[in-house]
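If you want the building blocks of each chain, they are given just below.
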Amino acid sequence: MAYLDNIAVFVRVVELGNLSAAGRDMRISPAVASNRIKELEKHLGVRLFNRTTRQLMPTEHGTVFYTGAKQVLDAITDAEAAVAALSGQPRGTIKVTAPLGLGRRLIASGIPDFHDKYPDIEVRLRLSDHNVDIMKEGIDVAFRLGIIEDSSLRMRGIMECERVLVAAPKYLEARGEPVEPQELIGKKHDCLMLRYAGTREFVWTLQTSSGVQKLEVHGPYDTDDGDVLTGWALSGRGIINKPRFEVEPFIRDQRLKVILAKTPPTPVQFAAVYPHKKLQDPKVRLLLDFMAERCQRLIKDILAGK
């Protein structure tokens, strides 16, 4: 087992590029990770990494060994999944990621309930509005709102979510309420955007009687945190484009008002994505089934005012 542990650390160091990141991912200290790499190098009799001040790059030997080592670890994971499926007792760890707002509202609160139902399954949840590289980060399941374009991943659609443009009455009183989409640009409305490295949504896409219309809107500032956007809108700082379930409570208590209701934004897909092979893992299937049913119910309850 010690040798397999060393191999596992080596694979994560290659994938993440440094000892600290690999250590955090595997819940061990950088010193322990370093010792495991040294033990592996001693066992193999070769140097596996070229060390720089910021990153570890695999040597030629390291690159060759990584390919085989990854296959070994994948084979063990597949074998464990097969045994779990046969025994009916899934166990192990699932790494999950989700956007901040959606994760807090829908996913995080369900993790303890999932663990109560399946106590042998551990869940590690990472919330981020950034576009997490699932393969590099070793993520098993990623919940996402948006268009899924990565062909190397499989997708399970959970539901299509209505989006709305909303602003605080304070903002609309000061700047006027737009009645046509082009007024967002022509009257230079403050349209607050969610932006981060790798994002592709730099426009607002609205549904009109003449078809889908894309608008290159602008605002005085943006953020990589969806809840910050909502906070700015609530304080009267501008217009935001949000899934309705995220802002429905503020619409209901009239702290935010829906604008351009006749030309709403295109809906957004709420889905779970995962590497192809993960569907064979029974614990991943259980999590997908559990969260899909739960999220559908919670979103419907939010929209119904429950």
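Residues numbered from 1 in each chain as written. Predicted model: local features only at pLDDT ≥ 70, side-chain atom pairs only at ≥ 80, totals over all residues. Heavy atoms only, no water.

A. Structural view of the overall build of the protein chain. Secondary structure summary: the protein chain contains 12 helices and 14 strands in total. In terms of overall dimensions, the protein chain has C-alpha extents of about 70 × 45 × 35 Å along its principal axes. Scored against the burial criterion, the 306 residues of the protein chain give a buried share of 43%. Here the analysis covers contacts within the protein chain between residues at least 6 apart in sequence; of these, 76% occur between residues at least 24 apart. About 16,200 Å² of surface is accessible on the protein chain, with carbon and sulfur atoms providing 52% of the total. Distance between charge centres in the protein chain, computed from 44 positive and 39 negative side chains, equals 2 Å. (Helix = DSSP H or I, 4+ residues; strand = E, 2+ residues; numbered from the N terminus. Buried < 20%, exposed > 50% of the residue type's maximum accessible area, 1.4 Å probe, protein only. Contact = heavy atoms within 4.5 Å. Areas by Shrake-Rupley, 256 points an atom, 1.4 Å probe, with all protein chains shown as cover. Lys, Arg positive; Asp, Glu negative; His and termini not counted. Charge placed at Lys NZ, Arg CZ, Asp CG, Glu CD.)

B. Seen up close, the side chain of Thr 97. When you line up the elements, Thr 97 lands in strand S3 (residues 92-98). A distance of 2.9 Å separates a polar side-chain atom of Thr 97 from the backbone oxygen of Arg 126. In contact with Thr 97, not counting residues within four places along its chain, are Arg 126, Val 132, Ile 139, Val 141, Ala 142 and Phe 143. (Polar contact = N/O pair within 3.5 Å; in protein donor to acceptor, adjacent residues only side chain to side chain.)

C. Summary view of unusual backbone geometry. Positive phi, close to 50°, is recorded for Lys 188, a residue that is not glycine. Along the chain, Lys 188 turns up in the loop between helix H9 (183-186) and strand S8 (193-194). By relative accessible area, which is 67% here, Lys 188 ends up exposed.

D. Structural detail: the packing of aromatic side chains. Counted by the stated rule, this structure contains 5 aromatic pairs. Centroid distance Phe 114 to Phe 290: 5.4 Å. Interplanar angle 65°. Geometry classified as edge-to-face. Here Phe 114, found in helix H6 (residues 111-117), pairs with Phe 290, found in helix H12 (residues 282-303); they are 176 residues apart in sequence, far enough to count as distant. Between Tyr 221 and Trp 232, the ring centres sit 4.8 Å apart and the planes meet at 65°, which makes this aromatic pair edge-to-face. With Tyr 221 in the loop between strand S10 (211-215) and strand S11 (222-223) and Trp 232 in helix H10 (residues 226-234), this residue pair connects regions lying 11 residues apart in the sequence. In this structure Tyr 221 comes out as partly exposed when scored by relative accessible area, which is 31%. You can call Trp 232 partly exposed: its relative accessible area is 24%. One aromatic cluster in this structure is built from Phe 10, Phe 49 and Phe 65. (Phe/Tyr/Trp six-rings, centres within 6.5 Å; stacked < 30°, edge-to-face > 60°.)

E. Structural detail: the sheet that holds S3. Pairing within the open sheet is mixed, and its 5 strands lie in the order S4-S3-S5-S14-S6. With one partner strand each, in any of the chains shown, strand S4 (121-127) and strand S6 (153-161) form the two edges of the open sheet. Averaged over neighbouring strand pairs, the angle between their axes works out to 20° when direction is ignored. Two elements, S3 and S4, share 7 bridges in a ladder whose sense is parallel. When the bridges of S4 are listed, Thr 93 appears paired with Glu 122. Contacts between H12 and the sheet are confined to S3, S4, strand S5 (141-145), S6 and strand S14 (268-275), with S6 contributing the most and set at about 15° to the helix. (Pairing = 2+ DSSP bridges. Axes fitted to C-alpha atoms, helices over the stretch in contact; angles between N-to-C directions.)

F. Spotlight on the domain arrangement of the protein chain. Parsing the protein chain into structural domains produces domain 1 (1-85), domain 2 (90-161 + 269-304) and domain 3 (163-266). In this structure, domain 1 and domain 3 have C-alpha centres spaced 46 Å apart. (Domains from an automatic or database assignment.)

G. The arrangement of the sheet that holds strand S12 (residues 240-243) in detail. If you walk across this open sheet you meet the 3 strands as S12-S7-S13, and the pairing is antiparallel. Of all the strands in the sheet, just S12 and strand S13 (257-259) have a single pairing partner and so form its edges. Looking at each pair of strands side by side, their axes are set apart by 55° on average, direction ignored. Of the strand pairs in this sheet, strand S7 (residues 163-167) and S13 are connected by 3 bridges, and their pairing is antiparallel. Looking at S13, one finds that Leu 165 is bridged to Ile 259.

H. Region of the structure containing the pattern of salt bridges. Evaluated as defined, the whole model comprises 14 salt bridges. Residue Arg 244 is joined to Glu 248 by a salt bridge in which the shortest nitrogen-to-oxygen separation is 2.7 Å. Note that Arg 244 and Glu 248 are positioned in helix H11 (residues 244-252) at a spacing of 4 residues, about one turn of the helix. In this structure, Lys 283 and Asp 281 form a salt bridge, with 2.7 Å as the shortest nitrogen-oxygen distance. Judged by its relative accessible area of 11%, Lys 283 falls in the buried class. What makes Asp 281 buried here is its relative accessible area of 6%. Several salt bridges converge on common partners, so that one network encompasses Glu 162, Arg 244, Glu 248 and Arg 252. (Salt bridge = Lys/Arg side-chain N within 4 Å of Asp/Glu carboxyl O.)

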